[in-house]
Protein chains: 2
Amino acid sequence: MFPDRGRQVRVLGVDPGLTRCGLGVVDGGLGRSVTCVAVDVVRTPADAELATRLLRISDAVEHWLDVHRPEAVAVERVFSQHNVRTVMGTAQAGGVVALNAARRGLPVVFHTPSEVKAAVTGSGRADKAQVTGMVTRLLKLESQPKPADAADALALAICHLWREPMRERLAAAEEKAAQLARAHKAKLAAAAKDRARRAADDTNSGRNTRR
Amino acid sequence: MFPDRGRQVRVLGVDPGLTRCGLGVVDGGLGRSVTCVAVDVVRTPADAELATRLLRISDAVEHWLDVHRPEAVAVERVFSQHNVRTVMGTAQAGGVVALNAARRGLPVVFHTPSEVKAAVTGSGRADKAQVTGMVTRLLKLESQPKPADAADALALAICHLWREPMRERLAAAEEKAAQLARAHKAKLAAAAKDRARRAADDTNSGRNTRR
């Protein structure tokens, strides 16, 4: 996804939710400054049917994918919260966003809130105000993005831009290490087989000489 | 959705899940016997990416909607369960299914597990075996649908066929009652206004006579 270090990449960050769904598009790359391309919040009425609300969110996301053409989508990973009903809606909205991206062959990565906070502020336990403040500074915005869902969407996109190359390099390094380990194991096995074969030959030749 | 009592309706029931997603199509109507049209379980590998898994489920549901052309979709409403991770996946899969249906303008209704159990067995606290047993009998199947997710999907469709007309009639009755209440309130308000106007006229005419 990020073949060259420092290549400019465009990411759509999504803070999923039925009542407010934050969308933020950010350009950037590892070791590059980040630029805000677009940010908004999609709202759906609480009295609308669930399927209708999901459809509106899906339509908005499709529109953003059409207009901004991001190369990857970063979605907040939801864990259990206080309100089970809210969590369900959030998960459903997140699932719909992931589906939209997958339909276009775009990579979708889920980041936890603490990963996002750590990437943007340096601390996984930063509060909303700190996240919004850092997002505003990093993107050199003239005013703070509001509501918090908008700032969170931008934070997700930044987190993805900075975390994903690291994660991919780590995965590549692990894969290489695993390959080396497999090669070493195969060499050991071949050597053991060879020893066993030679031992058998020795026994056979021993038998032959005894006959 | 069910304009005439007893009209034949086709419903797709979905027991959402990432590992196993139950799909069942049932024909029936209020006061009619129910017939199984199709039943299956879509599986997605646990090691695949979430977005890929959601895409496979979505593709399968789209295919079923194309082939069986149901008039409504019934999805299990998920509440908190023991495993938060499983619940999230279930909610995401359910959201994707609702989106697919909404895209085609099909009504999507979520039913709770206890509503489904009550509709099929008469008890909201029936166990899995009782639900499967009743589904098998109601649909006159030669063998029990397996796994449980397949039986649950059929139970959802049956629940929808039997509950939804009731629910719609109840909603219609409630709407009519609300209309009557509004009309009555308006009549009272008009009468009060009329009384106030006549009282003011009397006062004015009293003043006039006093002058």
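Here is what the cut-offs are and how they apply
- Residues numbered from 1 in each chain as written.
- Chains lettered and ligands numbered in written order.
- Predicted model: local features only at pLDDT ≥ 70, side-chain atom pairs only at ≥ 80, totals over all residues.
- Heavy atoms only, no water.
- Contact = heavy atoms within 4.5 Å.
- Buried area = accessible area lost by both parts, 1.4 Å probe.
- Salt bridge = Lys/Arg side-chain N within 4 Å of Asp/Glu carboxyl O.
- Polar contact = N/O pair within 3.5 Å; in protein donor to acceptor, adjacent residues only side chain to side chain.
- Helix = DSSP H or I, 4+ residues; strand = E, 2+ residues; numbered from the N terminus.
- Nonpolar A, V, L, I, M, F, W, Y, C, P; charged D, E, K, R; others polar.
- Pairing = 2+ DSSP bridges.
- Axes fitted to C-alpha atoms, helices over the stretch in contact; angles between N-to-C directions.
- UniProt positions renumbered as here; feature names shortened; annotations may be inferred.
- Buried < 20%, exposed > 50% of the residue type's maximum accessible area, 1.4 Å probe, protein only.
- Least-squares fit on C-alpha atoms with pLDDT ≥ 70 in both.

Chemist: I'm lost on the interface of chain A and chain B in this one. Help?
Modeler: When the parts of a complex come together, some accessible area is lost, and that lost area is often taken as the interface size. At the junction of the two partners, chain A supplies 27 residues and chain B supplies 27 residues. For the chain A face of the interface with chain B, the top three residues by lost area are Met88, Leu99 and Arg103 of chain A, together amounting to 25%. Among the salt bridges present, the one from aspartate 59 of chain A reaches arginine 103 of chain B, with a minimum N-O distance of 3.0 Å. Scanning the region where chain A abuts chain B turns up 4 residue pairs in polar contact (both at pLDDT 80 or more). Looking at which element gives the most residues to the side of chain A that touches chain B, the answer is helix H2 (residues 84-103) of chain A, with 13 residues. In the side of chain A that touches chain B, the residues fall into 16 nonpolar, 5 polar and 6 charged.

Chemist: How should the sheet that holds strand E4 (residues 72-76) of chain A be read in this particular structure?
Modeler: The strands that make up a sheet pair up through hydrogen bonds in the backbone, lying either parallel or antiparallel. Residue and element names in this part refer to chain A. Across the sheet, which stays open at both edges, the 5 strands sit in the order E3-E2-E1-E4-E5 with mixed pairing between neighbours. Where the open sheet ends on each side, the last strands, each with one partner, are strand E3 (35-43) and strand E5 (108-111). On average, each strand axis in the sheet is tilted by 20° relative to the strand beside it, whichever way the strands run. Note that strand E2 (residues 20-28) and E3 share 8 bridges and pair antiparallel. Residue glycine 22 lies in a different strand from E3, and its bridge partner there is valine 41.

Chemist: Mind showing me how you'd approach the UniProt feature "binding site: Mg(2+) 2" (unreviewed entry) in chain A here?
Modeler: Residue and element names in this part refer to chain A. UniProt's entry tags Glu76 with the feature "binding site: Mg(2+) 2" (unreviewed entry), counted in the numbering of this structure. Its location among the elements puts glutamate 76 in strand E4. Judged by relative accessible area, which is 18%, glutamate 76 ranks as buried. Leaving out residues up to four positions away in the same chain, glutamate 76 has contacts with Val14, Asp15, Pro16, Phe110, His111, Pro113 and Leu156.

Chemist: Any chance you could explain the UniProt feature "binding site: Mg(2+) 1" (unreviewed entry) in chain A here in plain terms?
Modeler: All names here are of chain A. UniProt annotation of "binding site: Mg(2+) 1" (unreviewed entry) refers to Asp15 and Asp149 when read in the numbering used here. A compact arrangement is adopted by the annotated residues: their sequence extent is 135 residues, whereas the largest C-alpha distance between any two is 6.1 Å. Residue aspartate 15 is classed as buried on the basis of its relative accessible area of 7%. If you trace the backbone, aspartate 149 turns up in helix H5 (residues 148-210). Residue contacts for aspartate 149: discarding those within four places in its chain leaves Asp15, Arg20, Gly22 and Val41.

Chemist: Hey, could you run me through the relation of the copies chain A and chain B in this one?
Modeler: With an axial shift of 0.1 Å and an RMSD of 0.2 Å, the rotation relating chain A to chain B amounts to 180°. The transformation relating the two chain copies, once decomposed into turn and shift, fits a two-fold axis. For chain A, the smallest separation between a C-alpha atom and the rotation axis is recorded for glutamine 92 of chain A, amounting to 2.3 Å.

Chemist: When you look at the sheet that holds strand E1 (residues 9-15) of chain B in this model, what are you seeing that I'm missing?
Modeler: Residue and element names in this part refer to chain B. Spatially, the 5 strands line up as an open sheet ordered E3-E2-E1-E4-E5, and their pairing is mixed. Two strands lie at the open edges of the sheet, namely strand E3 (35-43) and strand E5 (108-111), each paired on one side alone. Within the sheet, the average angular offset between the axes of one strand and its neighbour, ignoring direction, is 20°. Strands E1, strand E4 (72-76) and E5 of the sheet are contacted by helix H2 (residues 84-103), whose axis makes an angle of about 150° with E5.

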